[in-house]
Amino acid sequence: MEVERRLTVVLAGNANVGKSAVFNQLTGLSQIIGNWPGKTVERAEGTLHFKGYTVKVLDLPGIYSLSTFSMEEIVARDYIAIERPDVVINIVDASALERNLYFTIQLLELQAPIVMALNQIDFAAKKGINIDSNRLSKMLELPVVPTVAITGVGIKELLSTVIDVAEGKIKLTPLKVEYGKEIEETLKKLEHIVKEKLPELSVKYPPRWIAVKLLEKDEGISEKVRATKSGVEVLTFAETVMDQIEKLHGEPSSVVLASERYG
């Protein structure tokens, strides 16, 4: 008897990029809407069968970053980092690519296995925007599938690509987001101390990502660090290197990182 193969896929992206349309195309009527355990954030879940797989699809809240400014952001990033779904479908609006890619870069820093749905290409074309999806794929080192979710264009190709990534037919090489020289030197020092002093957190989150979040003064990660045995020592070190960056650049380290990401 053939063993049933299962996959968990999450949809992640900014608000108003067509995430719900992709979710509806994938799951049809087999949807369960509720709340995330212990949270007031809506949880939409559905299943589909494709190429011998039962695929569970979770529609994460529409967010603009993986910080902890809102409950939606905490839910999304903890699910991706801790539950580790098989594939993350990052849905971006082709007509607002630059704005959407800021979130993509944060997903890459979280070392998530990503397939990009380049959605609303029809709307982008009406605005005179044509995106070379192959070039974008090479630049980001991840598969990019053009879609028009509302009509179902590209959805089957998207699913096939997800299966290929899950089966290892498409090898993903996580793109390392490079910052400026001073930031990179600081991140290396912070990453080293995170690996050495915070083994329990390094199992849940990539150490470099923790280092980035500390430089961004992310309260959620700072609290998790503070709760560990060596947390105060790590936070003190992080504050020291943050002061150095802020004196050098003349603005908060979180602003420095954000502007370098956009760069």
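In case you missed it, the structure is sitting above this.
If you're wondering where the values come from, they're calculated on a predicted model, not measured in any experiment.

Quick notes on the rules
Residues numbered from 1 in each chain as written. Predicted model: local features only at pLDDT ≥ 70, side-chain atom pairs only at ≥ 80, totals over all residues. Heavy atoms only, no water. Salt bridge = Lys/Arg side-chain N within 4 Å of Asp/Glu carboxyl O. Helix = DSSP H or I, 4+ residues; strand = E, 2+ residues; numbered from the N terminus. Buried < 20%, exposed > 50% of the residue type's maximum accessible area, 1.4 Å probe, protein only. Axes fitted to C-alpha atoms, helices over the stretch in contact; angles between N-to-C directions. Parallel < 35°, antiparallel > 145°, perpendicular 65-115°, else oblique. Contact = heavy atoms within 4.5 Å. Nonpolar A, V, L, I, M, F, W, Y, C, P; charged D, E, K, R; others polar. Pairing = 2+ DSSP bridges. Right-handed = clockwise from strand over helix to strand, strands pointing away. Phe/Tyr/Trp six-rings, centres within 6.5 Å; stacked < 30°, edge-to-face > 60°. Lys NZ or Arg CZ within 6 Å of the ring centre and 35° of its normal. Core = buried A, V, L, I, M, F, W, Y, C linked by side-chain atoms within 4.5 Å. Lys, Arg positive; Asp, Glu negative; His and termini not counted.

A. Main features of the pattern of salt bridges. Applying the stated rule across the entire model yields 15 salt bridges. Between glutamate 167 and arginine 5 there is a salt bridge, with its nearest N and O atoms 3.6 Å apart. Linking glutamate 167 in the loop between α6 (155-166) and α7 (181-197) with arginine 5 in strand β1 (residues 5-13), this pair joins segments that are 162 residues apart in sequence. According to the relative accessible area criterion, glutamate 167 is partly exposed, its value standing at 32%. One network of salt bridges, in which partners are shared, links Arg77, Glu109, Lys213, Glu216, Asp218 and Arg261.

B. Broad picture of the packing of helix α11 (residues 231-249) against helix α12 (residues 253-262). Relative to each other, α11 and α12 sit at 70°, their axes nearing to 9 Å. Between α11 and α12, the angle falls in the class roughly perpendicular. On the side of α11, the interface is formed by Met242, Ile245, Glu246 and His249, while α12 contributes Ser253, Val256 and Glu260. For the contact of α11 with α12, the class distribution of residues is three nonpolar, two polar and two charged.

C. Layout of the side chain of threonine 161. Looking at the element boundaries, threonine 161 is found in helix α6. Residue contacts for threonine 161: discarding those within four places in its chain leaves Val115, Pro143, Val145 and Ile170.

D. Expanded view of the sheet that holds strand β5 (residues 87-93). Here seven strands make up an open sheet; going across it, the order is β2-β3-β4-β1-β5-β6-β7 and the pairing mixed. One side of each edge strand has no neighbouring strand; the edge strands of this open sheet are β2 (31-35) and β7 (144-146). Averaged over all pairs of adjacent strands, the angle between strand axes in this sheet comes to 25°, irrespective of strand direction. When strand β6 (residues 114-119) meets β7, the two strands line up parallel, connected through three bridges. Within β7, the residue paired with alanine 117 across the bridge is valine 145. Its contacts with the sheet put helix α3 (residues 97-109) on β1, β5 and β6, and the angle it makes with β5 is roughly 165°.

E. Representation of the pairing of β6 in the model. The buried count for β6 comes to six of six residues, which makes it a mostly enclosed element. Neither face of β6 is exposed, since Ile114, Met116 and Leu118 on one face and Val115, Ala117 and Asn119 on the opposite face are all buried. As judged from the six bridges shared by β5 and β6, these two strands associate in the parallel manner. The partner of isoleucine 89 across the bridge, within β6, is valine 115. Between the parallel elements β5 and β6, the chain passes through α3 in a crossover that is right-handed.

F. Focus on the packing of aromatic side chains. Considering all chains together, one arrives at three aromatic pairs under this definition. Relative to tyrosine 79, the ring of tryptophan 36 has its centre 5.5 Å away and its plane inclined at 65°; by these criteria the two rings are edge-to-face. Placement of tryptophan 36 in the loop between β2 and β3 (42-50) and of tyrosine 79 in helix α2 (residues 71-83) is noted, with a sequence separation of 43 residues between them. Ring centres 5.2 Å apart and planes at 20° place the aromatic pair tyrosine 205 and tryptophan 209 in the stacked group. Grouping residues by exposure puts tyrosine 205 and tryptophan 209 together as buried. Positioned over the ring face of tyrosine 53 is arginine 5, at 4.3 Å from the centre of the ring.

G. Structural context of the nonpolar core. In this structure, Ile210, Leu214, Leu215 and Val225 are the most contacted members of the largest nonpolar core, which totals 58 residues. Apart from the residues within four sequence positions on either side, leucine 215 is in contact with Ile183, Thr186, Leu187, Leu190, Val241, Met242, Ile245, Ser253, Ser254 and Leu257. Listed in part, the 26 residues of the second largest apolar core include Leu26, Leu158, Leu159 and Ile163.

H. Looking closely at the side chain of aspartate 78. Relative to the assigned elements, aspartate 78 resides in helix α2. For the buried aspartate 78, no salt bridge is present, and the opposite-charge side chain at shortest range is lysine 224, 4.0 Å distant.

I. Examining the environment of tyrosine 102 more closely. Tracing the chain through its elements places tyrosine 102 in helix α3. Judged by relative accessible area, tyrosine 102 falls into the buried class, the value being 12%. Sequence-wise, tyrosine 102 and glycine 154 are 52 residues apart; in three dimensions their C-alpha atoms are separated by 23 Å. If near-sequence neighbours (up to four positions away) are discounted, tyrosine 102 is found in contact with Tyr64, Glu216, Ala258, Arg261 and Tyr262.

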